[in-house]
Amino acid sequence: MKPGQTCRWHAFPDQVALEQAALRFMLESAEQAIAERGVFRLVLSGGTTPRRLYQVLRQAQTGWSAWHIYFGDERCLPAGAPERNSHMARLAWLDQVSIPAAQIHPIPAELGPEGGAGRYARELAQVGEFDLVLLGLGEDGHTASLFPGGAWEGEAWLPAAIPVLDAPKPPPQRVSLSPARLSLASRVLFLASGEAKRPALMAWREGQPIPASRICPPAGVDVFFCFDGDPAHRANRP
Ligand code: 6PG
């Protein structure tokens, strides 16, 4: 029998409160991992919710030299394309802090879905358990690039990174980590903000089998959510 998912739900009144809590969660995870193992292996998500968190992380005081960055999914576009998740993370955060370049591990999605997935799966074979996996939630319940109805759903076994050929969210070609690889983590944190996420979140809480519910790390997952994700709200921030 497949292990089920344990969820801890955390509701926040607005996007700013969610970000502050996510920032604390990340920095505490980093501190603990670095104290225990000397490294912090973090998997990043794409999407607009984490982008705002990444911008806040620029100012964080932490041992950046111990951080190792991986990605949960990537869009198959040329290296450096602005729509790539790794490009967004670099621009918002990674290029502004002193994480050694060799410790940033983008998915080589410029090789195409199969080539990129194959190479990243080989790279991940050298990496143990992640310390923290950050994930988003799509309006259709997808997470990383695991979309409902995708070919991955029917497979009993998947490699660590898989090609995605027909994503409904553009671009259609992507590389995603598999549910099992995303679940090989001490902590998993989902970030979902905005009214548009309400139906997917409700379906998930009711126990419906959406892609996000396939992420089953032994310690369970934390889901930080707010329905006030209006960017106008943010424009009023100091
Ligand atoms: C991507 C992501 C995707 C994203 C969700 C949520 O390539 O876009 O990896 O899984 O995290 O779609 O995105 P938003 O935060 O923008 O709603």
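Residues numbered from 1 in each chain as written. Predicted model: local features only at pLDDT ≥ 70, side-chain atom pairs only at ≥ 80, totals over all residues. Heavy atoms only, no water.

Caption draft 1: Up close: unusual backbone geometry. Cis geometry marks the peptide bond from P170 to P171, where omega comes out at -5°. Tracing the sequence through the fold places P171 in the loop between β6 (161-164) and β7 (174-177). (Helix = DSSP H or I, 4+ residues; strand = E, 2+ residues; numbered from the N terminus.)

Caption draft 2: The arrangement of the pattern of salt bridges in detail. Scanning the model with the defined rule gives eight salt bridges in all. The closest approach of N and O atoms between R8 and D222, which form a salt bridge, is 3.0 Å. With R8 in strand β1 (residues 7-11) and D222 in strand β9 (residues 221-226), this pair connects stretches of sequence that are 214 residues apart. Residue classification places R8 among the partly exposed positions, given a relative accessible area of 34%. (Salt bridge = Lys/Arg side-chain N within 4 Å of Asp/Glu carboxyl O. Buried < 20%, exposed > 50% of the residue type's maximum accessible area, 1.4 Å probe, protein only.)

Caption draft 3: The arrangement of the environment of L165 in detail. Here L165 shows up in the loop between β6 and β7. Since its relative accessible area comes to 47%, L165 is described here as partly exposed. Counting along the chain gives 51 residues from L165 to E114, while the straight-line C-alpha distance between them is 9.1 Å. Leaving out residues up to four positions away in the same chain, L165 has contacts with P113, E114, P172 and Q173. (Contact = heavy atoms within 4.5 Å.)

Caption draft 4: Just the nonpolar core, in detail. With 71 residues, the main nonpolar core has L42, L44, L57, W67, I69 and W93 as its most contacted residues. Ranked by residues supplied to this core, first place goes to helix α1 (residues 15-37) with eight residues. Ignoring anything within four residues of it in the chain, the contact list for L42 reads M26, W67, H68, I69, Y70, W93, L132 and L134. (Core = buried A, V, L, I, M, F, W, Y, C linked by side-chain atoms within 4.5 Å.)

Caption draft 5: Expanded view of the site of the ligand. Neighbouring the ligand are 15 residues; R75, H142, A144, K169 and K197 lie closest to it. Here an oxygen atom of the ligand sits 2.6 Å away from a polar atom, N or O, in the side chain of H142. A distance of 2.6 Å is found between an oxygen atom of the ligand and a backbone nitrogen or oxygen belonging to A144. For the shell around the ligand, the secondary-structure elements that each account for two or more residues are α2 (48-57) and β4 (73-75). Among the residues making up the shell around the ligand, the classes are represented as two nonpolar, eight polar and five charged. (Near = heavy atom within 4 Å. Polar contact = N/O pair within 3.5 Å; in protein donor to acceptor, adjacent residues only side chain to side chain. Nonpolar A, V, L, I, M, F, W, Y, C, P; charged D, E, K, R; others polar.)

Caption draft 6: The arrangement of the sheet that holds β7 in detail. In space, the three strands of this open sheet follow the order β4-β7-β6, with antiparallel pairing throughout. The sheet is open, and its two borders are formed by β4 and β6, each paired with just one other strand. Pairwise comparison of adjacent strand axes, ignoring direction, gives a mean angle of 15° for this sheet. For β6 and β7, the ladder comprises four bridges, and the chain directions are antiparallel. Pairing of I162 across the sheet is with S176, part of β7. (Pairing = 2+ DSSP bridges. Axes fitted to C-alpha atoms, helices over the stretch in contact; angles between N-to-C directions.)

Caption draft 7: Expanded view of the pairing of strand β3 (residues 67-71). Of all the five residues making up β3, five are buried; the element is thus mostly covered by neighbouring parts of the structure. Going residue by residue along β3, you find W67, I69 and F71 tucked away on one face and H68 and Y70 tucked away on the opposite face as well. Sheet topology note: the strand β2 (residues 40-44)/β3 ladder contains five bridges and is parallel. What sits directly across from L42, in β3, is I69. The parallel pair β2 and β3 is bridged by α2, and the resulting crossover is right-handed. (Right-handed = clockwise from strand over helix to strand, strands pointing away.)

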